[in-house]
Amino acid sequence: MTTQSTHLGTGLKTRHLTMMGLGSAIGAGLFLGTGVGIQAAGPAVLLAYMAAGIIVVLVMEMLGEMAAARPSSGSFSTYSKQAFGPWAGFTLGWLYWFMLIMVMGAEMTGAAAIMGGWFGVDPWIPALVCVVFFAVVNFAQVRGFGEFEFWFAFIKVAVIIGFLAVGVALVFGWLPGTSAVGLSNMLGETGFMPNGWPGLAAGLLAVAFAFGGIELVTIAAAESEKPSEAIAVAVRSVIWRIAVFYIGSVLVITLLLPYDQLGAAETAAESPFTAVLAMADLPGVVGFMEAVIVLALLSAFNAQIYGTSRLVHSLALDRDAPRIFAVTNRDSVPINAVVLSMLFAFASVGLQYWNPEGLLTFLLNAVGGCLIVIWIMITASYLRLHPELERRGEISTVRMWGWPWLGWATMLALWGLVVLMLFDAAARSQVLAVVVVVAVLVGLANLTNMVRGRVSSRA
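In what follows, the accompanying structure is described. (Residues numbered from 1 in each chain as written. Predicted model: local features only at pLDDT ≥ 70, side-chain atom pairs only at ≥ 80, totals over all residues. Heavy atoms only, no water.)

This part takes up the overall build of the protein chain. The secondary structure content of the protein chain amounts to 16 helices and 0 strands. The globule rule puts the C-alpha radius of gyration for 459 residues at 23 Å, and the 22 Å found for the protein chain is close to it. Projected onto the principal axes, the alpha-carbon positions of the protein chain cover approximately 80 × 55 × 45 Å. Contacts in the protein chain between residues far apart in sequence, at least 24 positions, make up 81% of those at least 6 positions apart. Just so you have it, the protein chain exposes about 18800 Å², and 68% of that area is on carbon and sulfur atoms. A gap of 16 Å separates the mean positions of the 21 positive and 24 negative side-chain charges of the protein chain. (Helix = DSSP H or I, 4+ residues; strand = E, 2+ residues; numbered from the N terminus. Rg over C-alpha atoms; globule rule 2.2 N^0.38 Å. Contact = heavy atoms within 4.5 Å. Areas by Shrake-Rupley, 256 points an atom, 1.4 Å probe, with all protein chains shown as cover. Lys, Arg positive; Asp, Glu negative; His and termini not counted. Charge placed at Lys NZ, Arg CZ, Asp CG, Glu CD.)

Below, the discussion takes up the side chain of Ser 309. Structurally, Ser 309 is set in helix α12 (residues 285-317). Among the residues examined, Ser 309 registers a relative accessible area of 0% and is labelled buried. In contact with Ser 309, other than residues within four places in its own chain, are Pro 334, Ala 337, Val 338 and Ser 341. (Buried < 20%, exposed > 50% of the residue type's maximum accessible area, 1.4 Å probe, protein only.)

So, on to the pattern of salt bridges. Throughout the structure, instances matching the rule amount to 5 salt bridges. Taking the shortest distance from any N to any O, the salt bridge between Glu 388 and Arg 392 comes out at 3.6 Å. A residue is classified by how much of its surface remains accessible, and Arg 392, at 56% relative accessible area, is exposed. Members of the salt-bridge network, linked through shared partners, are Arg 70, Glu 388, Arg 392 and Glu 394. (Salt bridge = Lys/Arg side-chain N within 4 Å of Asp/Glu carboxyl O.)

Right, let's get into the environment of Pro 194. Secondary-structure assignment places Pro 194 in the loop between α7 (142-171) and α8 (196-207). For Pro 194, a relative accessible area of 22% gives the class partly exposed. Residues Pro 194 and Val 252 lie 58 residues apart in sequence; the distance between their C-alpha atoms is 18 Å. Apart from the residues within four sequence positions on either side, Pro 194 is in contact with Ala 41, Gly 42, Pro 43 and Tyr 259.

Here the focus is α7. Helix length check: α7, at 30 residues, gives a terminal C-alpha distance of 43 Å against a target of 44 Å (1.5 Å per residue), a fit within 8%. Backbone geometry just after α7 places Gly 173 at a positive phi near 70°. (Expected span 1.5 Å × (residues − 1).)

Another point: the packing of aromatic side chains. Following the criterion strictly, the structure yields 13 aromatic pairs and no others. Between Phe 172 and Trp 174 the ring centres are 5.0 Å apart and the planes differ by 20°, which places this aromatic pair in the stacked class. Through a chain of ring-to-ring contacts, the aromatic side chains of Trp 94, Trp 97 and Phe 344 assemble into a single cluster. When the ring centre of Phe 150 is taken as reference, the NZ or CZ atom of Arg 15 above it lies at 4.7 Å. (Phe/Tyr/Trp six-rings, centres within 6.5 Å; stacked < 30°, edge-to-face > 60°. Lys NZ or Arg CZ within 6 Å of the ring centre and 35° of its normal.)

Side chains of Trp 118, Phe 119, Val 121, Trp 124, Ile 125, Leu 128, Val 129, Val 132, Val 136 and Phe 346 sit close together on the surface and give an oily, nonpolar patch of about 930 Å² of accessible area. Among the elements of the structure, α5 (86-119) and α6 (124-139) are those that each provide at least two residues to the nonpolar patch. Broken down by element, the residue count for the nonpolar patch peaks at 6 residues, all from α6. Residue Ile 125 is classed as partly exposed on the basis of its relative accessible area of 32%. (Patch = residues over 30% accessible without salt bridge, like charges linked within 9 Å, V, L, I, M, F, W, Y side chains within 5 Å.)

This part takes up the nonpolar core. Formed by 161 residues in total, the largest nonpolar core has its most connected members in Ile 26, Phe 31, Ile 242 and Ile 374. For this core, the element with the most residues is α5, which contributes 18 residues. Residues within four places of Ile 26 in sequence aside, it is in contact with Phe 31, Lys 156, Ile 160, Ile 242, Phe 245, Tyr 246 and Ala 296. (Core = buried A, V, L, I, M, F, W, Y, C linked by side-chain atoms within 4.5 Å.)

This part covers helix α1 (residues 14-25). Along its 12 residues, α1 runs 17 Å from first to last C-alpha, staying within 8% of the 16 Å computed at 1.5 Å per residue. Taking burial as the measure, the 12 residues of α1 include 10 buried ones, the bulk of the element. Buried within α1 we find His 16, Leu 17, Thr 18, Met 19, Met 20, Gly 21, Leu 22, Gly 23, Ser 24 and Ala 25. In this structure, the buried side of α1 is in contact with α7, α9 (216-220), α10 (227-256) and α12.

In contact at an axis separation of 10 Å, helix α3 (residues 45-69) and helix α15 (residues 405-423) are set at 130° when each is read in the N-to-C sense. One way to sum up the angle between α3 and α15 is to call them oblique. Viewed along their axes, α3 and α15 form a crossing whose handedness is left-handed. Side by side, α3 and α15 meet where Ile 55, Leu 58, Val 59 and Met 62 of the first sit next to Leu 406, Gly 407, Thr 410, Ala 413, Leu 414 and Leu 417 of the second. For the contact of α3 with α15, the residue count by class is 8 nonpolar, 2 polar and no charged. (Axes fitted to C-alpha atoms, helices over the stretch in contact; angles between N-to-C directions. Parallel < 35°, antiparallel > 145°, perpendicular 65-115°, else oblique. Left-handed = near helix turned anticlockwise from the far one by under 90°. Nonpolar A, V, L, I, M, F, W, Y, C, P; charged D, E, K, R; others polar.)

The next point concerns the environment of Met 289. Here Met 289 shows up in helix α12. For Met 289, a relative accessible area of 1% translates into the label buried. Linking Met 289 and Ala 269, residues 20 residues apart in sequence, is a C-alpha distance of 7.9 Å. Excluding residues that lie within four positions of it along the chain, Met 289 makes contacts with Phe 31, Ala 268, Ser 271, Phe 273, Thr 274 and Leu 277.

Moving on, we get to the side chain of Thr 410. Structurally, the position occupied by Thr 410 is in helix α15. A polar contact is formed between the side chain of Thr 410 and the backbone oxygen of Leu 406, at a distance of 2.7 Å. Ignoring any residue separated from it by four or fewer positions in sequence, one finds Thr 410 in contact with Ile 55, Leu 58, Val 59, Met 62 and Thr 379. (Polar contact = N/O pair within 3.5 Å; in protein donor to acceptor, adjacent residues only side chain to side chain.)

What follows is about the packing of α1 against α7. Running from N to C, α1 and α7 point in directions that differ by 55°, and their axes come no closer than 8 Å. The orientation of α1 with respect to α7, classified from their angle, is oblique. Crossing of α1 over α7 shows left-handed handedness. For the pair formed by α1 and α7, the contact residues are Arg 15, His 16, Met 19, Met 20, Leu 22 and Gly 23 on the first element and Arg 143, Phe 145, Gly 146, Glu 147, Glu 149, Phe 150, Ala 153, Phe 154, Lys 156 and Val 157 on the second. Across the contact of α1 with α7, the residue classes break down as 8 nonpolar, 3 polar and 5 charged.

Put into structure tokens, the structure is as follows:
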């Protein structure tokens, strides 16, 4: 009898991991959603981004310590299981899978709508073409996938760097026909914090999860050539690059544009990035930003297919998903897990178009709260596992600072975000929805363990 392979490949390099983290975290939220936080908090949104950035840095450093010590494609799901038992690993793994699947559907819907307008066809046509294309990409050897995503994300990063260069030139009046803007928009009549502390709190909620997605680095690291070393470099480089790109972009926008002219952007023409580039009198900026937004959406979509498939593969190895999803092909790709991700991604796209009353809103609200649950569990897992890792000498070059005080401070900050969400009418529904989803998953976890125990006792 031939034993089916369940081993993943080891073809990813550190540069692949870094760009995958960037590709997953820098999506349409940066290009279209930045104005929401600025409108709520004014220029003080910079403080909100810094606060959110500090929280994410601490969470990623904790996750990095555990991932470098015990590399696993299950990442935080695996560490939650080690810290708190099977129910925690099951719940966190499927919660992240659910979150990414719903986000993938929203991203493909947005990209397909723009591409449908380009070619004058129904959006489902480019959506189908893209889903099939990315299925082929994800069926390839992991190194080929990593190379593809590297260049996909590289283009997006190059655009942001170009935007920052143009923005700085506009701020200092270095372009023909422009003059230095100074701090008039940032410290004008309305001041740095025009809406006071309530506005800053609203701005913090608007940007708190902007950095979500960089967790993918620790999932992908299990398929790198030297996981511990790759995580050490990739986690830190992703953190500072994301911080520079987000905070740098927001700083440029708040210096150049009045905050009260910004808000949620439904199209590329309404994006604050488009408005800044238009100030430089660059031709075709709307079309250019549409192309960038589509690229950002597709890059994140591709990275998240990878993440969901590897997570399901890890869950299957732990018997928290059907064993069929643990099987890998001759290229060490979990082919069945990739197919599952593709099917649900396309189903999620269909759900966006069908839009049944109440269901889609509930699911997307749950997505909004998933990340806070995941970050809280990462922090709790670190606080539980760090002494064990220390005792066994497993901690490598990635080590969280200030044990245990920074860990507990991070936990306090995360629960502070939950309290803010409960006092905000729009965010409150996110908390309630994710509580329902988590409760269902915990119930399924306990049911699975019960069934598994009965099967084991009979055997």
